[in-house]
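# Observations on the model geometry
Each chain, written out:
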Amino acid sequence: MDTDDTTTTDTLTFVWTTVIVGVALLCVVWFLVKILDKHFEILNFFIYFPNVGQTDFTKRKIIHSGDPHGKMRVVVFHGNAMTAAEIAYMFKDSPHDVWCVEYPGYGETDGTPTTASCTEFAAEALSKALNEQDENGSFKRTVLLGHSLGSGVAVQGLCKLFSDSPACVAPSHVCLVSPFSSLKDAARDLLGPLSGLLCPKYDTVGALSMLPTALKGKVRWVVAHGNSDHIVRIDQGKKVHEALGRAKELSTFMELEAGHNFVDFHHIIEHGTAASP
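These notes cover the structure that comes with them. (Residues numbered from 1 in each chain as written. Predicted model: local features only at pLDDT ≥ 70, side-chain atom pairs only at ≥ 80, totals over all residues. Heavy atoms only, no water.)

## Describing the environment of C159
Tracing the backbone shows C159 in helix α4 (residues 149-164). Look at C159 and you get buried, because its relative accessible area is 11%. In sequence terms C159 and P212 are 53 residues apart; their C-alpha atoms lie 8.6 Å from each other. Apart from the residues within four sequence positions on either side, C159 is in contact with A207, M210 and L211. (Helix = DSSP H or I, 4+ residues; strand = E, 2+ residues; numbered from the N terminus. Buried < 20%, exposed > 50% of the residue type's maximum accessible area, 1.4 Å probe, protein only. Contact = heavy atoms within 4.5 Å.)

## Let's talk about the pairing of strand β6 (residues 220-226)
Here β6 lies mainly inside the structure; 6 of its 7 residues are buried. Two elements, strand β5 (residues 173-177) and β6, share 5 bridges in a ladder whose sense is parallel. Each residue of the ladder has a partner; that of C175, found in β6, is V222. Across 6 bridges, the pairing between β6 and strand β7 (residues 251-256) is parallel. Bridged to G226 within β7 is L256. In this fold, β6 hands off to helix α8 (residues 234-242), which returns the chain to β7; that crossover is right-handed. (Pairing = 2+ DSSP bridges. Right-handed = clockwise from strand over helix to strand, strands pointing away.)

## Quick word on the environment of H260
Among the structural elements, H260 can be located in the loop between β7 and α9 (265-275). Between the C-alpha atoms of H260 and D229, which are 31 residues apart in sequence, the distance is 4.6 Å. Here H260 is in contact with H147, S148, S178, D229, I231 and V232, once residues within four sequence places are set aside. Within the local environment of H260, its side chain forms a polar contact with the side chain of D229, the two groups lying 2.7 Å apart. (Polar contact = N/O pair within 3.5 Å; in protein donor to acceptor, adjacent residues only side chain to side chain.)

## Here we look at unusual backbone geometry
Among all residues save glycine, negative phi is the norm, and among peptide bonds the norm is trans. For S148, which is not a glycine, the phi torsion comes out positive at approximately 55 degrees. Looking at the secondary structure, you find S148 in the loop between β4 (141-147) and α4. In the Ramachandran plot, S178 falls in the positive-phi region, its phi being about 50 degrees despite a non-glycine side chain. Its location among the elements puts S178 in the loop between β5 and α5 (183-191). Looking at S178, the relative accessible area reads 0%, which means it is buried.

## As for the nonpolar core
Membership of the largest hydrophobic core comes to 43 residues, with the highest contact counts inside it found for F77, L126, L149, V153, L158, Y202 and W221. Put simply, the parts of the chain that give this core at least two residues each are β2 (72-77), β3 (97-101), α3 (115-131), α4, β5, α5, α6 (204-210) and β6. With 8 residues, the top contributor of residues to this core is α4. In this view, L149 contacts Y48, H78, G79, N80, Y103, Y106, F180 and Y202; residues no more than four positions away in its chain are not counted. V98, L145, C175 and M254 belong to the second largest nonpolar core, which has 25 residues in total. (Core = buried A, V, L, I, M, F, W, Y, C linked by side-chain atoms within 4.5 Å.)

## What to know about α8
Note that an α-helix has 3.6 residues per turn; residues three or four places apart therefore point the same way. If you check which residues of α8 are buried, you get I234, Q236, G237, V240 and H241. With its buried residues spanning 155 degrees around the axis, α8 presents them on a single face. (Arc of directions from axis to C-beta.)

## A few points about the sheet that holds strand β1 (residues 62-66)
Read from one edge to the other, the open sheet built from 7 strands follows the order β1-β3-β2-β4-β5-β6-β7, with strand pairing classed as mixed. At either end of the open sheet lies a strand with only one pairing partner, and these are β1 and β7. Here the average twist between neighbouring strands, direction ignored, is 20 degrees. Relative to β4, β2 is paired through 6 bridges, and the arrangement is parallel. (Axes fitted to C-alpha atoms, helices over the stretch in contact; angles between N-to-C directions.)

## Notes on the pairing of β4
Across the 7 residues that make up β4, a large majority, 6, are buried. Relative to β5, β4 runs parallel, the two sharing 5 bridges. Within β5, the position partnered with L145 by the bridge is C175. Between the parallel elements β4 and β5, the chain passes through α4 in a crossover that is right-handed.

## Brief notes about the packing of α3 against α4
One can describe the packing of α3 onto α4 by two numbers: an axis separation of 8 Å at closest approach and a directional angle of 70 degrees. Put simply, α3 runs roughly perpendicular to α4. Seen from above, α3 lies across α4 with right-handed handedness. Residues C118, T119, E120, A122, A123, L126, S127 and L130 of α3 form the contact with α4, whose participating residues are V153, A154, Q156, G157, L158, K160, L161 and F162. (Parallel < 35°, antiparallel > 145°, perpendicular 65-115°, else oblique. Left-handed = near helix turned anticlockwise from the far one by under 90°.)

Structural data, given as structure tokens:
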């Protein structure tokens, strides 16, 4: 074998060895990141954007808005890059008793946002909102509204609440606006193969399947999604609606002429709760 053939063979061997070692290292890094994210949620800085938006400079977990004497209570779980203070301002003229739930680490609230901590906050807020009686000793008709990230938080919180307290008073309606079927599905549309690094978080479809059938049958469900939503595509909202199973008979799907963020929450509440079977 002459010198040129030897050089070519050595070069090919080096290239293939480099490729194999590189792929092996990538697989190891991929595996380690998935393990660390599963246990420590190290990729949360790709998910939560807590320091954007207005704040009321308090550490309140719930900010009240609207009319505290309103006959209907609305519990709102906001989307990402927003705060409860912003939502409270949007509902300041509402005729309803509006409770805007904040997440750990958002606004001025203590803590760090994770799937577990947000779910814990949500379950705690829902327990208070659903079980608090008015001045006449009656339970108010209560509607849950979750937008985008808040839709996942709302469903996970509801699932935890009724797992811990099966006899809890049920909401009359749950309105899921621009919901994702799971955060991983939403990430897949935006990040492509990189979404594989994310461990399952806010699996809305999975959480719905875990809710007691009796509860799903009591609640009127409203799923609203914009047909111009390029962040969470409308097919994910339809997938959430399908996941209601037999409870779909007690649900409404609203296709909105809107994108992801510019939606009319007031219209969804009024029209959705009135139109539900």
